[in-house]
Amino acid sequence: MDFDMLGLAPRLIAALKEQGITDPTPIQTQAIPHAMNGRDVMGLAQTGSGKTAAFGLPMIDALIKNGVKPNPRTARALVLAPTRELAKQIADNLIAYTAGTHLKTVLVTGGAGIVGQINKMERGVSLLVATPGRLIDLIDRRAVSLAETRFLVLDEADQMLDLGFIHALRRIAALLPKERQTMLFSATMPKQMEELAQAFLTNPVKVQVNPPGQAVAKIVQSVHFVAQRAKTDLLIELLDKHRDELALVFGRTKHGSEKLYKQLEAAGFAAAAIHGNKSQGQRDRAISDLRSGRVRVLVATDVAARGLDIPGIRHVYNYDLPNVPENYVHRIGRTARAGATGNAVAFCAPDEMGELKDIQKAMKATIPVASGAPWEGEIPSKPRGNSGGPRRFGGGAANASGKPSGRPQQNRRPGGPGKGRTRTAA
Ligand code: AMP
């Protein structure tokens, strides 16, 4: 099966070829023919599967064939994404796919000046890529009307739900004409998604490339059972083995991620961090530095790293395990992009056994153990009030028995009298 057989316009196929895209990925083979027939599509696929082209190409094809110029302040197609980074990535892809056509793509997200975006909308656009919050701002200012938008895409819909965009989505969808084509893509299918699909889609075709919650096979996963305070040393040791390759490290909190990035930099790694306390400019710079290889290790929180598509990422470290099991799937999906292979390494401290179990349950698989052994029995509580990030060795932190410890608690089972496990959700 190639793109010709899917019925796409020849100039679109030529534009794809220019970018080395010649064979459709499975989600593209499954979704494109239905989308070309005007059907609503509900796609279960992760970032990295080629889903942007799966929804983008049929839309672009229809817009090229239709040839109608958009009216001022309207958009002919709308793609909604949960984060600025993902929205930018989608816009970049659509711009590349529409090269040489009359179609105009505009990106509107928070964190950038609104006036420039209002101006860009003035003459109307073919493809509008937006995060929900900023789009609503623009609608409220009458800078955008969706009355002529006949294509709607909700990308990474599960993440949009996680981030609390449901009301924004409902409001936006109500502004589009009823006669439209809607496509929803999601990496996971939580129960709420069915409701979202029922509200937004009409008799959708369901396409799926990976069973829900299962990671792509090309990712080699492993877990190290390691004490919280020994994690940084272990990370440095592992990173050191492949200094030339790109790595993404996930921390749970902004503070912890910032501190870890500084520790890695001090250890001689070309590192950067992205999280909610960084400006959009800093986040963009960190991502482009990673893309260009100037930065080799990027420390990120879940929200900041959502949808990141950097083909060169070979290693993903779950320095802290995510509280939400689905986020593990999202995180490790940042490696093994577009057919490459990748490593996903998880660090599990004693009080993260619950998270690990939840992840394995969601994935319906056991992650192979790289070092240590699953923590058992009563686990001492973690001191509260700390950022949840890495604790410095010998910094006066309490050991398992609550006494100040001058040396790292190495990878061993906690022996002290515990009060039961608590989870930190700092
Ligand atoms: P996505 O899942 O949309 O984020 O796409 C992941 C990456 O795969 C992007 O960098 C795309 O440019 C690339 N890609 C999309 N479709 C194809 C294809 N058919 N062949 C090769 N690469 C592709």
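Since we're looking at a predicted model, the values are computed, not measured. (Residues numbered from 1 in each chain as written. Predicted model: local features only at pLDDT ≥ 70, side-chain atom pairs only at ≥ 80, totals over all residues. Heavy atoms only, no water.)

This next bit is on the sheet that holds strand β1 (residues 41-44). The strand order β3-β4-β2-β5-β6-β1-β7 describes an open sheet built from seven strands, whose pairing is parallel. The strands lining the two open edges of the sheet, one partner per strand, are β3 (105-108) and β7 (205-208). Direction aside, the axes of adjacent strands within the sheet are offset by 15° on average. In this sheet, strand β4 (residues 125-130) lies alongside strand β2 (residues 75-80) in parallel orientation, the contact comprising five bridges. Across the sheet, the residue bridging to L80 is A130, located in β4. Packed onto the sheet, helix α5 (residues 114-121) meets β3 and β4 and runs at close to 155° relative to β3. (Pairing = 2+ DSSP bridges. Helix = DSSP H or I, 4+ residues; strand = E, 2+ residues; numbered from the N terminus. Axes fitted to C-alpha atoms, helices over the stretch in contact; angles between N-to-C directions. Contact = heavy atoms within 4.5 Å.)

Attention now moves to the packing of aromatic side chains. This model, assessed by the stated rule, comprises three aromatic pairs. Measuring from ring centre to ring centre gives 6.1 Å for Y319 and F347, while their planes differ by 50°; the resulting arrangement is tilted. One end of the pair, Y319, is in the loop between β12 (313-318) and α14 (325-332); the other, F347, is in strand β13 (residues 342-348), and 28 residues separate them in sequence. Here F347 falls in the buried class, since its relative accessible area comes to 0%. Cation over ring: K231 sits above Y319, and NZ or CZ is 5.6 Å from the ring centre. (Phe/Tyr/Trp six-rings, centres within 6.5 Å; stacked < 30°, edge-to-face > 60°. Buried < 20%, exposed > 50% of the residue type's maximum accessible area, 1.4 Å probe, protein only. Lys NZ or Arg CZ within 6 Å of the ring centre and 35° of its normal.)

Although it is not a glycine, R142 sits at a positive phi angle of roughly 60°. Following the sequence through the fold, R142 ends up in the loop between α6 (132-140) and β5 (151-154). Positioned with a positive phi, N203 is a non-glycine residue whose angle comes to about 45°. By secondary structure assignment, the location of N203 is in the loop between α9 (191-200) and β7. The exposure class assigned to N203 is exposed, which follows from its relative accessible area of 58%.

Here we take up the site of the ligand. Neighbouring residues of the ligand: 16 residues in total, closest D23, Q28, G48, G50 and T52. D23 is positioned with one of its backbone polar atoms (N or O) 2.7 Å from a nitrogen atom of the ligand. The contact in question runs from an oxygen atom of the ligand to an N or O atom on the backbone of S49, over 3.1 Å. Relative to its unbound accessible area of 490 Å², the ligand is 83% covered by the protein chains. Taken together, the residues that form the shell around the ligand break down as five nonpolar, seven polar and four charged. Mapped onto the domain boundaries, the shell around the ligand takes at least three residues apiece from domain 1 (3-208) and domain 2 (219-424). (Near = heavy atom within 4 Å. Polar contact = N/O pair within 3.5 Å; in protein donor to acceptor, adjacent residues only side chain to side chain. Areas by Shrake-Rupley, 256 points an atom, 1.4 Å probe, with all protein chains shown as cover. Nonpolar A, V, L, I, M, F, W, Y, C, P; charged D, E, K, R; others polar. Domains from an automatic or database assignment.)

Pairing in this open sheet of seven strands is parallel, and the strands run β10-β11-β9-β12-β13-β8-β14 from one edge to the other. Bordering the open sheet on either side are β10 (271-274) and β14 (369-371), each of which pairs with just one other strand. Sheet twist, expressed as the mean angle between neighbouring strand axes with direction ignored, is 25°. On top of the sheet, helix α11 (residues 254-266) reaches β9 (246-250), β10 and β11 (297-300); it is set at about 175° to β10, its chief contact. In the packing of helix α12 (residues 280-292) onto the sheet, the strands contacted are β9, β10, β11 and β12, and the crossing angle to β10 comes to about 140°.

So, about the side chain of D40. Here D40 is to be found in the loop between α2 (26-36) and β1. Among buried Asp, Glu, Lys and Arg side chains, D40 stands out as unpaired, with R180 the closest opposite charge at 6.2 Å. Of note is the side chain of D40, whose polar atom sits 2.9 Å from the backbone nitrogen of T182. The contact partners of D40, leaving out residues within four places of it in the chain, are R180, Q181, T182, F200, L201, T202, N203, P204 and V205. (Lys, Arg positive; Asp, Glu negative; His and termini not counted. Salt bridge = Lys/Arg side-chain N within 4 Å of Asp/Glu carboxyl O.)

A large share of β12 lies buried, amounting to five of its six residues. In this sheet, β13 lies alongside β12 in parallel orientation, the contact comprising four bridges. Each residue of the ladder has a partner; that of Y317, found in β13, is V345.

Two numbers describe how α6 lies on helix α8 (residues 166-174): the axes approach to 10 Å, and their chain directions differ by 45°. Judged by the angle between their axes, α6 and α8 are oblique. As for how α6 packs across α8, the hand of that crossing is left-handed. Every residue of α8 that contacts α6 at P132, L135, I136 and D140 is listed here: A168, L169, R171 and I172. Within the contact of α6 with α8, the residues separate by chemical class into six nonpolar, no polar and two charged. (Parallel < 35°, antiparallel > 145°, perpendicular 65-115°, else oblique. Left-handed = near helix turned anticlockwise from the far one by under 90°.)

Moving on: the pattern of salt bridges. Applying the stated criterion across every chain yields a total of 18 salt bridges. Ionic pairing is found between E122 and R73, a salt bridge with its closest N-O pair at 2.7 Å. In this pair, E122 is assigned in the loop between α5 and β4 and R73 in the loop between α3 (51-66) and β2, connecting sequence segments 49 residues apart. Residue R73 is classed as partly exposed on the basis of its relative accessible area, which comes to 32%. A salt bridge links D320 to K231, with the shortest nitrogen-to-oxygen separation between them at 3.5 Å. Residue D320 is located in the loop between β12 and α14, and its partner K231 is located in helix α10 (residues 231-240); the two are separated by 89 residues in the primary sequence.

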